[in-house]
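# Understanding the architecture of this molecule
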Amino acid sequence: LANTAISEALKALAIEAQNPGTSTGTKSMNGGSLLDSVSPVDGSHIASVTQTTPEEYEQVVQTAQEAFKVWRQMPAPQRGEVVRQFNEELRRLKEPLGKLVSYEMGKSYQEGLGEVQEMIDICDFAVGLSRQLHGLTMHSERPGHRMYEQYHPLGIVGIISAFNFPVAVWSWNTALAWVCGDVCIWKPSEKTPLTGIACQKIAARVFAKNNLPEGISCLINGDYKVGELMTQDERVPLISATGSTRMGKQVAQTVGARLGKSLLELGGNNAIIVTPDSDLKMTVIGAVFGAVGTAGQRCTSTRRLIIHESIYDKVKNAIVDAYGQLRIGNPLDEKNHVGPLIDTDAVKNYQKALEKVVEEGGKIIVEGGVLEGEGYESGCYVKPAIAEAENHFEIVQHETFAPVLYLMKYSGDVGNAIALQNGVRQGLSSAIMTNNLREAERFLSVAGSDCGIANVNIGTSGAEIGGAFGGEKETGGGRESGSDAWKVYMRRQTNTINYTTELPLAQGIKFDL
Ligand code: UN1
């Protein structure tokens with residue numbers, strides 16, 4: 001079933017195999033080795049993709065540089081019009097692209113569609129933004145002078161994205177960068193190269209139709225070594241990287257060493273505080289979707305539930321009951337809630353986390369385990385698990401990219417829960433479930449959550465594109481997507497214009513010749 005649906009999707013996305021039957025692991029014609037796209041859904045080898053060689057990377061950068069000279073001259077609203085056309089293609093191809101995301105990455109079909117919807121939404125946002133790249137005007141302290149600021153594009157934006165949102169995170173960056181007048185080079189995750197090719201093809205068609213140079217949107221493929229070609233490259237003024245904190249630290253150091261800019265969106269360790277005034281039904285839906293959605297592989301996934309002791313048993317029982325109803329299986333079958341993890345390495349990390357939490361003194365209350373038998377042949381399907389744990393456990397301090405949820409109690413006042421919530425190295429998303437105005441406002445106050453995202457009466461995952469997305473501490477400090485996140489893709493220039501015949505100096509300095 002999956003394969004017929006997928007070959008139709010690939011056809012709709014105009015992805016045709018150029019060397020059908022190519023065996024894996026061989027060298028491609030350009031001398032680059034091949035990257036295998038393997039579906040965690042059924043273990044099938046979908047395709048092999050050529051890795052970008054350093055020589056090819058050089059060509060890509062030159063093509064991008066040439067394209068930038070043309071693209072930056074096009075008025076921003078006209079660039080917005082091109083993004084609008086790109087968005088029309090996304091609307092037309094939402095289903096096949098959503099299906100490919102689901103098949104190559106393993107998230108549920110509904111979430112695959114949701115991811116493409118995020119692309120559509122950010123493109124809509126970018127089209128509007130293309131007429132709103134506003135700077136300020138200032139009053140000069142000197143007579144007959146005018147001051148204002150304007151934003152110019154940076155040039156080439158390098159995008160390194162992760163497997164878990166293989167297309168949406170690229171579009172957050174690229175849609176904004178494009179209207180800002182930048183050109184983009186994208187290195188998708190080596191675990192999801194096909195969705196990258198699908199997006200690149202859609203973009204290339206739209207640029208070609210508008211007689212625009214192809215280098216406005218570039219794709220390179222490969223592992224971290226290919227990424228390093230970009231992070232070390234002074235011709236790439238901004239690197240936007242999404243992924244693990246380990247990767248982000250590497251990127252930040254390499255880009256920082258050449259004083260380039262980096263926009264980092266790294267790991268989270270997101271908690272929901274459940275107070276005595278919470279709505280139980282909303283808490284259960286928010287927490288369970290947050291913990292098991294995308295099989296716990298979102299940066300925003302709920303990893304910790306911090307529950308007041310007075311309602312602890314009630315909330316725990318309700319969540320455990322809900323876990324009993326979860327259906328795990330092929331994510332393209334809409335009856336299932338939870339699909340596979342990305343690969344068997346991810347399964348090992350999940351298993352290790354469950355062992356570790358017990359070693360550290362935690363108690364498993366919903367058993368995990370790897371599923372076997374019909375439908376689970378890929379070896380990537382695991383049971384979402386719950387453990388009672390303490391916040392200071394090393395494993396709890398760590399982001400395990402899998403459906404493992406830690407439950408912990410707090411007593412007394414909400415300040416104690418906030419301290420636990422903030423007591424981790426990461427600072428991406430956070431939430432409180434409460435109908436108590438004082439608790440909610442404290443959580444949002446300066447002494448409240450230290451995360452980039454703080455929600456009241458919704459879970460930690462599933463942010464809308466309209467707000468700036470990202471977080472503090474080891475999450476890397478970057479902000480992507482909505483609000484004024486576009487400014488990072490541009491360089492600000494302050495302009496002072498003198499329309500008199502005198503040359504007075506600022507700060508009243510006298511300098512006569
Ligand atoms: C990510 O996991 O890197 O807020 C992005 C969310 C999604 C995006 C997650 N809109 O869960």
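Before reading further, recall that the structure is shown in the block above.
The paragraphs below set out a description of the structure included in this document.

Let us now look at the sheet that holds strand β7 (residues 217–219). Here five strands make up an open sheet; going across it, the order is β7-β6-β5-β8-β9 and the pairing parallel. In this open sheet, the two strands that pair with only one neighbour each are β7 and β9 (261–265). Taken pair by pair, the neighbouring strands of this sheet meet at an average axis angle of 15°, ignoring direction. Along the sheet face, helix α8 (residues 224–231) touches β5 (156–160), β6 (183–187) and β8 (238–242) and points at about 155° away from the line of β5.

Right, let's talk about helix α12 (residues 344–359) for a bit. When the terminal C-alpha atoms of α12 are compared, their 23 Å separation across 16 residues agrees well with the 22 Å that a helix rising 1.5 Å per residue should span. Among the residues of α12, A346, V347, Y350, A353, L354 and V357 are the ones counted as buried. Down the axis of α12, the sector holding all buried residues measures 120°, keeping them to one side. Residues K352, E355 and E359 are exposed on α12 and point more than 90 degrees away from its buried face. Next to the buried residues of α12 lie β12 (363–366), β13 (385–388) and β14 (404–410).

Time to look at the pattern of salt bridges. Tallied over the full model, the rule gives 23 salt bridges. A salt bridge links R479 to E472, with the shortest nitrogen-to-oxygen separation between them at 2.4 Å. Under the relative-accessibility criterion, E472 is labelled partly exposed at 32%. A cluster of three or more residues bridged by salt bridges with shared partners is formed by E58, D233 and R235.

Right, let's talk about helix α9 (residues 245–257) for a bit. In this model α9 runs 18 Å from its N-terminal to its C-terminal C-alpha over 13 residues, within 8% of the 18 Å that 1.5 Å per residue would give. Within the span of α9, buried status applies to T245, G248, V251 and V255. In an axial view of α9, the angular spread of the buried residues amounts to 115°, which keeps them on one side of the axis. Seen from the buried face of α9, the exposed residues on the opposite side, beyond 90 degrees, are R246, Q253 and A257. Looking at the buried side of α9, the elements it contacts are β5, α8, β8 and β9.

Rules used in this analysis
- Residues numbered from 1 in each chain as written.
- Predicted model: local features only at pLDDT ≥ 70, side-chain atom pairs only at ≥ 80, totals over all residues.
- Heavy atoms only, no water.
- Pairing = 2+ DSSP bridges.
- Helix = DSSP H or I, 4+ residues; strand = E, 2+ residues; numbered from the N terminus.
- Axes fitted to C-alpha atoms, helices over the stretch in contact; angles between N-to-C directions.
- Contact = heavy atoms within 4.5 Å.
- Expected span 1.5 Å × (residues − 1).
- Buried < 20%, exposed > 50% of the residue type's maximum accessible area, 1.4 Å probe, protein only.
- Arc of directions from axis to C-beta.
- Salt bridge = Lys/Arg side-chain N within 4 Å of Asp/Glu carboxyl O.

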